[in-house]
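# Coordinates in review
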Amino acid sequence: MKPALKIRILIALLVVVCSVNAQTYRLEVGYNNPVRTGTGISSTFFNGIQLGGTAEFDLKNQFSLLTGVLYNFVYSDKIQKFPNLNQVTYVSYGHFLNIPLHVTYTYPFSKSLKAFGYAGPNINIGLYQTVNTTSDVSYIPSKFSDLYKDAVLNRLNFQLGVGAGVQWKKYQLKGGYDFGINNLNRLSTGSMTQNGWSVTLGINF
């Protein structure tokens, strides 16, 4: 089975499960700041937005399980400088999906105001990412690359996330950090992981 088909089936099953059993549905929008770093590789910082829906399942003793699908669009503009005023510019655009599976503990201060913390895995799925390299260095060519099509990056990024936030009535504000745990680099140039933090505003519906 092709990887793209597996991803579509996974997302479809997740949507079906969430629509049948969830107690709380939430629309989320926010800012994210992923970074790719590794051995022998210069770090690349991205800025981006994320938007999607989540579903929360009540467990016991103020614990709950949250999952959903969040679309991410990220952008990076990196300049690498060399002697004699030479430089290489890398402009990158990326599209990803996040599928969290977070266990959340909620502490209610009142009926309207609550604080919560969460932890758990996140599956980050790469959909499309390009890098446009512009170079005036002789041994680094200018080129356009599709990192998944050209077999540079693995599409699946398994992460562990932690975070916290507050909820007032139906509005929620949270921030968190995801730690990448698998190597994304498909080349022989060393290992690479993707981490990142995010700030998200959510509304129950």
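That block above? That's the structure.
Because the structure is a prediction, the values reported are computed rather than measured.

## Some thoughts on the overall build of the chain
For the chain, the helix and strand inventory stands at 1 helix and 10 strands. Listed N to C, the secondary structure of the chain is α-β-β-β-β-β-β-β-β-β-β in terms of helices and strands. Across the 205 residues in the chain, those meeting the buried criterion constitute 41%. Intrachain contacts of the chain at a sequence separation of at least 6 include 61% that bridge at least 24 residues. Working note: accessible area of the chain is about 11600 Å², and carbon and sulfur atoms make up 65% of it.

## A closer look at the packing of aromatic side chains
This model, assessed by the stated rule, comprises 8 aromatic pairs. By way of ring pairs, the aromatic residues Phe-73, Tyr-75 and Tyr-93 are connected into one cluster. A cation over a ring is seen here: Lys-78 above Tyr-90, with NZ or CZ 5.4 Å from the ring centre. Above the plane of the ring of Tyr-118 lies Lys-174, whose end atom (NZ or CZ) is 5.5 Å from the centre.

## What to know about the side chain of Ser-198
Within the secondary structure, Ser-198 sits in strand S10 (residues 192-204). Setting aside residues no more than four positions away along its own chain, Ser-198 makes contact with Tyr-31, Asn-32, Gln-50, Lys-174, Gly-175 and Gly-176.

## Topic: the pairing of strand S3 (residues 47-58)
Relative to S3, strand S1 (residues 24-38) is paired through 9 bridges, and the arrangement is antiparallel. Each residue of the ladder has a partner; that of Leu-27, found in S3, is Gly-53. The pairing of S3 with strand S4 (residues 63-81) spans 12 bridges and is antiparallel. Residue pairing in the sheet places Ala-55 in a bridge with Thr-67 of S4.

## Thoughts on the layout of surface pockets
Of the voids in this model, the largest pocket is the one considered here, and its volume is about 790 Å³. Forming the boundary of the largest pocket are 26 residues, of which Ile-41, Lys-78, Tyr-90, Leu-147 and Val-152 lie nearest the centre. Broken down by class, the residue content of the lining of the largest pocket amounts to 11 nonpolar, 11 polar and 4 charged. Computed from the structure, the second largest pocket encloses a volume of approximately 320 Å³. The wall of the second largest pocket is formed by 18 residues, among which Arg-26, Glu-56, Thr-106, Lys-114 and Gln-167 lie closest to the centre.

## Here's the deal with empty space enclosed by the protein
Per the counting criterion, the structure on display carries 3 cavities of 30 Å³ or more. As a volume, the largest cavity reaches approximately 310 Å³. Lining the largest cavity are 28 residues, with Gln-50, Asn-98, Asn-122, Asp-178 and Ser-198 sitting closest to its centre. Put simply, the parts of the chain that give the lining of the largest cavity at least two residues each are S1, S4, strand S5 (87-108), strand S6 (113-135), strand S8 (156-168), strand S9 (171-180) and S10. Tallying contributions element by element places S10 first for the lining of the largest cavity, with 6 residues. Of the residues that constitute the lining of the largest cavity, the class distribution is 9 nonpolar, 16 polar and 3 charged.

## Focus: unusual backbone geometry
Positive phi, close to 55°, is recorded for Asn-61, a residue that is not glycine. Structurally, Asn-61 can be placed in the loop between S3 and S4. Positive phi, normally seen in glycine, also occurs at Ala-151, with a value near 60°. With respect to the helices and strands, the residue Ala-151 is situated in the loop between strand S7 (143-146) and S8.

Each value, and the rule that gives it
Each chain has its residues counted from 1, following the order in which its sequence is written. Two thresholds apply to this predicted model, a pLDDT of at least 70 for residue-level local features and 80 or more for giving and counting side-chain atom pairs, whereas whole-chain, interface and lining totals are computed over all residues. For the side-chain quantities, the full set of heavy atoms in the structure was used; hydrogens and water were omitted. The numbering of helices and of strands both runs from the N terminus, where a helix is a DSSP run of H or I of at least 4 residues and a strand a run of E of at least 2. When a residue's accessible area, from a 1.4 Å probe over protein chains only, is under 20% of the maximum for its type it is buried; when over 50% it is exposed; and in between it is partly exposed. Contacts are assigned to residue pairs with any non-hydrogen atoms lying within 4.5 Å of each other. The protein chains shown are the only cover counted for residues, whose accessible areas, like all others here, come from Shrake-Rupley with a 1.4 Å probe. Within 6.5 Å between ring centres, the rings of Phe, Tyr and Trp (the latter by its six-membered ring) count as paired, and their orientation is classed by plane angle as stacked under 30 degrees, edge-to-face over 60, tilted in between. Charge-over-ring placement is defined geometrically: NZ (Lys) or CZ (Arg) within 6 Å of the ring centre, and within 35 degrees of the ring normal. Each pair of strands is called paired provided DSSP finds at least two bridges between the two strands. Think of a 1 Å grid over the protein atoms and nothing else: a 1.4 Å probe that fits but is trapped marks a cavity, an open set flanked by protein within 12 Å on at least five of seven lines marks a pocket, and residues with an atom within 4 Å of a point count as lining. Grid points are joined across faces, edges and corners, and a volume is the space filled by probe spheres set on the points. By the convention adopted, Pro, Cys, Tyr, Trp, Phe, Met, Ile, Leu, Val and Ala count as nonpolar, Lys, Arg, Asp and Glu as charged, and the other residues, Gly among them, as polar.

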